[in-house]
Amino acid sequence: MSGEGHVKAKAPQYPYFTEEASAEVVNARMGQEADPRLREVMGTIVKHLHAAVKEIEPTHEEWLTAIKFLTAVGQMCTDWRQEYILLSDVLGVSMLVDSINHRRPSGATENTILGPFYVPEAPRYDHGTNICLDGKGEPLVVTGRVLDTDGKPIAGALVDVWQTNDDGFYDVQQKGVQPDWNLRGVFTTNEAGEYWYRSSKPRFYPIPDDGPVGKLLGALGRHPNRAAHIHFIVSAEGYDPVITHIFSPDCEYLDQDAVFGVKDSLIAKFERVTDADRAQALEFDEPFW
Ligand code: MBD
Ligand code: FE
């Protein structure tokens, strides 16, 4: 008979379902041969999920609403639209996982959430290149240095940046509308650890809110706006890479970012500069490590 090997000789501790011991009943079914980490993860999830359901006491109809919501989240996903990441972001789970995994040494630039719109292998550019290919928005110059935690410059570090255009969309959200690779690029630091490039000033923008996560935010009375930001991944041989953003200091959503990504130390100083081409300069001279 198939499944015979799984029948225990000894009477199991939790043979039948009971409401009181519901999580224990389920967890007792896991075999000893299951991977220990999987046992731990699923055991914990089942324990807390059952506790939540006991506290909420959903009707059948409410539970079906939850199932339909999760189904819709999955159906919204495409190559460039990851609705589950968005859900994790708006629930603060992405920031929590990020803090658990990227406790940075003191003096190092703080990390923040990666987000769903990173595209690897962006074009490599020389310093001074304007990555704003659609010409929209207020001109911006970004200059910075990559330093180690002792303040020593790191030459040859890769500075991988991406941001939205002035209409509030990443290039991948508007394929065929924006030029490919609009507002993305990779720069390499010089001997002094410096890099600089031209761009447009980022503005706040709503995370994609035309799907189930946006509907949930609406139902919760939450707005979908992210504080204006530029994404950075800075990496160099022999160093721990940092995934982070810099935020505009004058953004009205700094203290109410929809995905909880803002940290004090990541709010940049913007300075007006006189150079005709440099309408607004961003100085982000923080050490990256
Ligand atoms: C973004 O642009 C972003 O950076 C994050 C973290 C979530 C949704 C959209
Ligand atoms: Fe973003």
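Per chain, the residues get numbers from 1 upward, laid out in the order the sequence is written. Each chain is given a letter, starting from A, and each ligand a number, starting from 1, according to the order in which they appear as written. Per-residue local features of the predicted model are confined to residues with pLDDT of at least 70, and side-chain atom pairs are confined, for both listing and counting, to 80 or more; whole-chain, interface and lining totals are unaffected and use all residues.

(A) Representation of the overall build of the protein. Only DSSP runs of H or I with at least four residues qualify as helices, and only runs of E with at least two residues qualify as strands; both kinds are numbered from the N terminus onward. Scanning the protein from N- to C-terminus turns up six helices and ten strands. Here the C-alpha radius of gyration of the protein, 24 Å, is well above what a compact globule of 289 residues would show, namely 19 Å. For the purpose of contact definition, each residue receives a C-beta atom placed from its backbone, and two residues are in contact when these atoms lie within 7 Å. Sequence separation of at least 24 residues holds for 67% of the intrachain contacts in the protein that already meet a minimum separation of 6. Atoms considered for the radius of gyration are the C-alpha atoms alone. The globule rule reads 2.2 Å times the number of residues to the power 0.38.

(B) Spotlight on the site of ligand 1. Neighbouring ligand 1 are the residues Leu86, Asp89, Ile113, Gly115, Pro116, Phe117, Ile207, Arg226, Val259 and Gly261. Taken together, the residues that form the shell around ligand 1 break down as six nonpolar, two polar and two charged. Here, nearness means that the C-beta atom of a residue, built from backbone geometry, sits within 6 Å of the molecule or strand in question. By the convention adopted, Pro, Cys, Tyr, Trp, Phe, Met, Ile, Leu, Val and Ala count as nonpolar, Lys, Arg, Asp and Glu as charged, and the other residues, Gly among them, as polar.

(C) Highlighting the packing of helix α4 (residues 83-90) against helix α6 (residues 212-219). Between α4 and α6, the shortest axis-to-axis distance is 9 Å and the interhelical angle comes to 25°. What the angle tells us is that α4 and α6 run roughly parallel. Listed contacts from α6 to Glu83, Leu86, Leu87 and Val90 of α4 are Pro212, Val213 and Leu217. Across the contact of α4 with α6, the residue classes break down as six nonpolar, no polar and one charged. In this analysis an axis means a line fitted to C-alpha atoms, helices contributing only their contacting stretch, and an angle means the value between N-to-C directions, from 0 to 180 degrees. The labels follow the angle: roughly parallel below 35 degrees, roughly antiparallel above 145, roughly perpendicular from 65 to 115, and oblique for the rest.

(D) Focus on the UniProt feature "domain: Intradiol ring-cleavage dioxygenases" (unreviewed entry) in the protein. UniProt positions are given in the numbering used here, feature names are shortened, and annotations may be inferred rather than shown by experiment. The UniProt record annotates "domain: Intradiol ring-cleavage dioxygenases" (unreviewed entry) at residues 142-170. Taken end to end, residues 142-170 has its terminal C-alpha atoms 18 Å apart, with 0% of it in helix and 31% in strand.

(E) Representation of the environment of Leu96 in the model. On the secondary structure map, Leu96 appears in helix α5 (residues 93-101). Classification of Leu96 as exposed rests on a count of 12 C-beta atoms within 10 Å. Between the C-alpha atom of Leu96 and that of Ile113, which follows or precedes it by 17 residues, the distance is 9.3 Å. Put simply, a residue is buried when 20 or more other C-beta atoms lie within 10 Å of its own C-beta and exposed when 12 or fewer do; between those, it is partly exposed, and each C-beta is set from the backbone.

(F) Inspection of the sheet that holds strand β3 (residues 184-188) at higher detail. At least two DSSP bridges between two strands are needed for those strands to be called paired. Reading across from one edge, β3-β2-β7-β8 is the order of the four strands in this open sheet, with antiparallel pairing throughout. Looking at the sheet topology across the chains shown, the edges are occupied by β3 and β8 (242-247). Strand after strand, the sheet turns through a mean of 25° between neighbouring axes, direction not considered. Taken together, the five bridges between strand β2 (residues 158-162) and β3 define a ladder with antiparallel strand orientation. Directly across from Val159, in β3, lies its bridge partner Phe187.

(G) Structural view of the nonpolar core. Counting 33 residues, the largest nonpolar core has Val146, Val159 and Phe247 as the members making the most contacts within it. At the level of secondary structure, the elements contributing two or more residues to this core comprise β1 (139-145), β2, β4 (194-200), β7 (229-235) and β8. In contact with Phe247, other than residues within four places in its own chain, are Ala227, Ala228, His229, Leu254, Val262, Leu266, Ile267 and Ala268. Nonpolar cores are identified as sets of buried Ala, Val, Leu, Ile, Met, Phe, Trp, Tyr and Cys residues joined via C-beta atoms within 7 Å. Counting eight residues, the second-largest nonpolar core is a separate cluster that includes Val90, Ile113, Ala258 and Val259.

(H) How the structure looks around helix α3 (residues 60-75). Here the expected span of a helix is defined as 1.5 Å times the quantity of residues minus one. With 16 residues, α3 should reach 22 Å at 1.5 Å per residue; the first-to-last C-alpha distance of 22 Å fits that figure. Within α3, only zero of the 16 residues are buried, leaving the element largely exposed.

(I) Spotlight on the pairing of β7. Summarising burial for β7: five of the seven residues are buried, a large majority. Relative to β7, β2 is paired through five bridges, and the arrangement is antiparallel. The residue bridging Val161 from the neighbouring strand is Phe232, located in β7. In this sheet, β8 lies alongside β7 in antiparallel orientation, the contact comprising six bridges. Bridging from a neighbouring strand, Ile233 pairs with Ile243 of β8. Hairpin connection from β7 to β8: six residues lie between these consecutive antiparallel strands, with Gly238 at a positive phi of about 85°.

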